[in-house]
Amino acid sequence: MAAAQPERSTLAASGSFALAARFSLRVDEQNHSGRLDWQHSPTSDEWLLSSPFGQGLAEIVSTPAVACLSAGDGRRECDASLDALTQRVLGYPLPLAGLADWVRGRGAEGGRVDALGRPLALARDGWYVDLAYDSDAADAADAPPGRLFISRPGGPELRLVIDAWTLPLGANDAPAAGVDAISPLVLPVVPATALQATPLPAATPMTPLSADH
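Residues numbered from 1 in each chain as written. Predicted model: local features only at pLDDT ≥ 70, side-chain atom pairs only at ≥ 80, totals over all residues. Heavy atoms only, no water.

Enquirer: With reference to specific residues and values, describe the overall build of the protein chain.
Expert: Looking only at helices and strands, the protein chain features three helices and 11 strands. Relative to its full complement of 213 residues, the protein chain shows a buried share of 44%. Total accessible area on the protein chain is roughly 10600 Å²; 53% of this is exposed by carbon and sulfur atoms. (Helix = DSSP H or I, 4+ residues; strand = E, 2+ residues; numbered from the N terminus. Buried < 20%, exposed > 50% of the residue type's maximum accessible area, 1.4 Å probe, protein only. Areas by Shrake-Rupley, 256 points an atom, 1.4 Å probe, with all protein chains shown as cover.)

Encoded structure:
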């Protein structure tokens, strides 16, 4: 079922959002999959990673000054940035710092667009991002992407399927149709398994984003 979607222009103006998504990560012929609950604001990000069955794997909290990962064995890993943290803990880079723009269809100025003017592809810092949408109807021209395929030559491949959006609701705002409105989200602390010590579960089949992938 397609996710309830706010408009891209609403997301851009808000600056803050929360989303629930499924991810599939391919690294060195190995596949991992799971679920992501993510709260983003201009000053922080909170990520809760779970297995496809809902078992907590890790929690990551990132600010402009530091990024920290909390694991179930009590280990806490911190680094100066989110990208540096994933590189050190996982052994390979993940472009998590760029996702806040990409899931909102931002950062694709001058890139390829579809017939409705929505961005289809962009490149940033050596990463290539393909975006796909849940509807091609004319009234979906301002919809954010529902699926992303992110890759880097010789590096990881990340697929993201967005299942639900949540937006903060101001005093004079009304929620968009089908989109939840929230006060600031507090992610639950879930017992986690260290990503470095225990691989994520094997990938479950996911619908390809395009014929090219």
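Here the narrative resumes.
Enquirer: Tell me about the state of the cysteines, and please be specific about residues and values.
Expert: On inspection of all chains with the given rule, the structure shows one disulfide. Put simply, cysteine 68 and cysteine 78 are joined by a disulfide, and their sulfur atoms are 2.0 Å apart. Judged by the sign of its S-S torsion, about 110 degrees, the bond between cysteine 68 and cysteine 78 is right-handed. Of this pair, cysteine 68 sits in strand E5 (residues 67–70) while cysteine 78 is found in strand E6 (residues 76–79), placing the two residues 10 residues apart along the sequence. Cysteine 68 gets classed as buried once you look at its relative accessible area, which sits at 7%. (Disulfide = S-S within 2.5 Å.)

Enquirer: Account for the pattern of salt bridges, naming residues and giving values.
Expert: Evaluation of the coordinates by the stated rule reveals 13 salt bridges. Between aspartate 136 and arginine 118 there is a salt bridge, with the nearest N and O atoms lying 3.0 Å from each other. Of this pair, aspartate 136 sits in the loop between strand E8 (127–132) and strand E9 (147–151) while arginine 118 sits in the loop between helix H3 (96–102) and strand E7 (121–124), placing them 18 residues apart in sequence. Assessed through its relative accessible area of 1%, arginine 118 is described here as buried. The partner of arginine 147 in a salt bridge is aspartate 134, with the nearest N and O atoms 3.8 Å apart. (Salt bridge = Lys/Arg side-chain N within 4 Å of Asp/Glu carboxyl O.)

Enquirer: Go over the side chain of arginine 104, please, and point to the residues and values.
Expert: Structurally, the position occupied by arginine 104 is in the loop between H3 and E7. For arginine 104, a relative accessible area of 5% corresponds to the buried category. A distance of 2.7 Å separates the side chain of arginine 104 from the backbone oxygen of alanine 100, its partner in a polar contact. Once residues lying within four places of it in the same chain are set aside, the contact partners of arginine 104 are Arg8, Leu11, Gly15, Phe17, His40 and Pro145. (Polar contact = N/O pair within 3.5 Å; in protein donor to acceptor, adjacent residues only side chain to side chain. Contact = heavy atoms within 4.5 Å.)

Enquirer: Before we move on, can you summarise the packing of aromatic side chains with the specific residues and values?
Expert: The final tally for this structure, using the stated rule, is three aromatic pairs. Centroid distance phenylalanine 17 to tryptophan 165: 5.5 Å. Interplanar angle 70 degrees. Geometry classified as edge-to-face. Of this pair, phenylalanine 17 sits in strand E1 (residues 17–27) while tryptophan 165 sits in strand E10 (residues 157–168); the two residues are 148 residues apart in sequence, bridging distant segments of the chain. For the residue pair phenylalanine 17 and tryptophan 165, the accessibility class agrees, reading buried in each case. Seen from their ring centres, tryptophan 38 and tryptophan 47 are 4.3 Å apart, and the 10 degrees between their planes marks the pair as stacked. For the pair shown, tryptophan 38 and tryptophan 47 are each scored as buried. Every member of this aromatic cluster is reached through a ring pair, and the members are Phe17, Trp38, Trp47 and Trp165. When the ring centre of tyrosine 133 is taken as origin, the NZ or CZ atom of arginine 118, which lies over that ring, is 4.2 Å away. (Phe/Tyr/Trp six-rings, centres within 6.5 Å; stacked < 30°, edge-to-face > 60°. Lys NZ or Arg CZ within 6 Å of the ring centre and 35° of its normal.)

Enquirer: Mind laying out unusual backbone geometry, listing which residues take part and the relevant values?
Expert: Positioned with a positive phi, aspartate 28 is a non-glycine residue whose angle comes to about 50 degrees. On the secondary structure map, aspartate 28 appears in the loop between E1 and strand E2 (30–41). Among the residues examined, aspartate 28 registers a relative accessible area of 70% and is labelled exposed. Non-glycine residue aspartate 125 carries a positive phi angle of around 55 degrees.

Enquirer: Can you lay out the nonpolar core for me, pointing to particular residues and giving the numbers?
Expert: Counting residues in hydrophobic clusters, the biggest one holds 40 residues, and the most contacted among them are Phe17, Trp38, Val103 and Leu148. Broken down by element, this core gets its largest block of residues, six residues, from E1. Setting aside residues up to four positions removed in sequence, valine 103 forms contacts with Phe17, Leu19, Trp38, Pro144, Pro145, Leu148, Leu160, Ile162 and Trp165. (Core = buried A, V, L, I, M, F, W, Y, C linked by side-chain atoms within 4.5 Å.)

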